[in-house]
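Below are the chains, spelled out letter by letter.
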Amino acid sequence: TRYYAKLQIPAEFRVRLDAVAESAVQAMLAFSRQQAEALAGRATALPWVVMVPVLAAFLLKDARSIRRVIVVALPFRLRLRGHQLFDELDTTLAAYVRAQVLACVLVGTVCGLGFALLGVPYPMLLGVLAGFLEFIPLVGPFLLAALATLFALLHAPITALWTVVFLAVLRLAEDYAIYPRLMRHGLELHPLAVIVGVMAGAELDGVVGMFLAVPAVATAAVVVRHWISWRTADDEARAAMELSGGEVGVPVGTSGGAGE
């Protein structure tokens, strides 16, 4: 401050400097306040970091009991249907987990072999890391690409270029050909439904939405399929009862010869 006061600065220019400095300080304070509020907002979610694994453990441990309570709470005529719905939901979600694990193993294997052929350092380590990061949509593959490119760049620039090309081709094939077909095989979903679901999840809730999109779409598909099946069965049963009632009413309202 003393040094600034000793400078021979014109008064008008000094006023402008003071205004700029004050606005800069205010902007820094506002930014710091905003970041502190954002950090406090994230801190409120910390209890869920503990609660989610605990709740998941209890739900997995008592899944049969919870399912039995829900089915028994349904009306008697809906219990069998509810049991069938839970069975197919369980099968569908298990198929999703198997398909996801298979996709991770496939990507990890292909990445390990590709990195080894390209001469990228630590290909096995990067392959294992690629398999684990495949669980995280969008962010995982991006982080893997950054690490692999950095390792390749330390080895040779041309290797880094070929690594980027290899990962780009692999990502296109994985996202638009391999992954949708794996999900369709296990979940009976069309590849287009998987792609549209992931895109919708990304728009609705970012990475979390992408992660939950496929099981949510599969669950909705199972529920809708059962609902249509039940409605069709009810309509057919109602039509059969009406047809049976009409046939019974014909001989009652006519003479014996006409009835015969």
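Residues numbered from 1 in each chain as written. Predicted model: local features only at pLDDT ≥ 70, side-chain atom pairs only at ≥ 80, totals over all residues. Heavy atoms only, no water.

### Remarks on the overall build of the protein
Stage number 1. Each helix and strand counted, the protein has 10 helices and zero strands in total.
Stage number 2. Helices (α) and strands (β) of the protein occur, in sequence order from the N terminus, as α-α-α-α-α-α-α-α-α-α.
Stage number 3. In terms of C-alpha radius of gyration, the protein reaches 32 Å, well past the compact-globule figure of 18 Å for 260 residues.
Stage number 4. Over its C-alpha atoms, taken along the principal directions, the protein stretches across nearly 125 × 55 × 40 Å.
Stage number 5. Per-residue burial over the protein gives 22% buried out of 260 residues.
Stage number 6. Counted over contacts in the protein with a minimum sequence separation of 6, partners at least 24 positions apart contribute 56%. (Helix = DSSP H or I, 4+ residues; strand = E, 2+ residues; numbered from the N terminus. Rg over C-alpha atoms; globule rule 2.2 N^0.38 Å. Buried < 20%, exposed > 50% of the residue type's maximum accessible area, 1.4 Å probe, protein only. Contact = heavy atoms within 4.5 Å.)

### Looking at a nonpolar patch on the surface
Stage number 1. Together, V97, V101, V105, F135, I136, V139, V208, F211 and L212 make up an exposed nonpolar region whose accessible area comes to about 730 Å².
Stage number 2. Along the chain, I136 falls in the loop between α6 (123-133) and α7 (139-155).
Stage number 3. For I136, a relative accessible area of 37% corresponds to the partly exposed category. (Patch = residues over 30% accessible without salt bridge, like charges linked within 9 Å, V, L, I, M, F, W, Y side chains within 5 Å. Areas by Shrake-Rupley, 256 points an atom, 1.4 Å probe, with all protein chains shown as cover. Salt bridge = Lys/Arg side-chain N within 4 Å of Asp/Glu carboxyl O.)

### Details of the packing of α6 against α7
Stage number 1. Where α6 contacts α7, the two axes come as close as 9 Å, and the packing angle between them is 165 degrees. Classified by the interaxial angle, the pair formed by α6 and α7 is roughly antiparallel. For the crossing formed where α6 meets α7, the hand is right-handed. On the side of α6, the interface is formed by L126, L129, A130 and L133, while α7 contributes G140, P141, L143, L144, L147, A148 and F151.
Stage number 2. For the contact of α6 with α7, a count of residues per class yields 10 nonpolar, one polar and no charged. (Axes fitted to C-alpha atoms, helices over the stretch in contact; angles between N-to-C directions. Parallel < 35°, antiparallel > 145°, perpendicular 65-115°, else oblique. Left-handed = near helix turned anticlockwise from the far one by under 90°. Nonpolar A, V, L, I, M, F, W, Y, C, P; charged D, E, K, R; others polar.)

### A closer look at the packing of helix α5 (residues 76-118) against α6
Stage number 1. Packing of α5 against α6 brings their axes to within 7 Å, and their N-to-C directions diverge by 155 degrees. By the angle between their directions, the pair α5 and α6 is classed as roughly antiparallel. Like other packed secondary-structure pairs, α5 and α6 cross with a definite hand, here right-handed. Note on element contacts: α6 touches α5 through P123, L126, G127, A130 and G131, opposite C104, V107, G108, C111, G112, F115 and A116.
Stage number 2. Residue classes in the contact of α5 with α6 are distributed as eight nonpolar, four polar and no charged.

### Some details on the pattern of salt bridges
Stage number 1. Summed over the entire model, instances satisfying the criterion amount to five salt bridges.
Stage number 2. Linking E88 and R225 is a salt bridge whose minimum nitrogen-to-oxygen distance equals 2.5 Å. Taken together, the positions of E88 in helix α5 and R225 in helix α9 (residues 191-252) put the pair 137 residues apart, joining distant regions of the chain.

### A word on the side chain of T159
Stage number 1. Within the secondary structure, T159 is located in helix α8 (residues 157-187).
Stage number 2. Relative accessible area serves as the criterion here: at 8%, T159 is assigned to the buried category.
Stage number 3. For T159, the contacting residues outside a window of four places in its chain are L118, G119, V120 and A152.

### Quick notes on the layout of surface pockets
Stage number 1. Space inside the second largest pocket adds up to approximately 550 Å³.
Stage number 2. Around the second largest pocket, the lining is made up of 16 residues, and of these A63, R64, R67, F86 and D90 lie nearest the centre.
Stage number 3. Going through the elements one at a time, α3 (46-61), α4 (63-73) and α5 are the ones with two or more residues in the lining of the second largest pocket.
Stage number 4. At seven residues, the largest contribution of residues to the lining of the second largest pocket is made by α4.
Stage number 5. Looking at side-chain class alone, the lining of the second largest pocket contains 10 nonpolar, one polar and five charged residues. (1 Å grid on protein atoms, 1.4 Å probe; cavity = no way out; pocket = protein on both sides within 12 Å on 5 of 7 lines; lining within 4 Å. Points joined across faces, edges and corners; volume = space filled by probe spheres on them.)

### Brief notes about the packing of aromatic side chains
Stage number 1. Tallied over the entire structure, the rule returns two aromatic pairs.
Stage number 2. Measuring from ring centre to ring centre gives 5.8 Å for F115 and F166, while their planes differ by 70 degrees; the resulting arrangement is edge-to-face. Residue F115 is found in helix α5, and its partner F166 is found in helix α8; the two are separated by 51 residues along the sequence.
Stage number 3. Between Y122 and F151 the ring centres are 5.9 Å apart and the planes differ by 65 degrees, which places this aromatic pair in the edge-to-face class. You can see Y122 sitting in the loop between α5 and α6 and its partner F151 sitting in helix α7, a full 29 residues away along the chain. (Phe/Tyr/Trp six-rings, centres within 6.5 Å; stacked < 30°, edge-to-face > 60°.)

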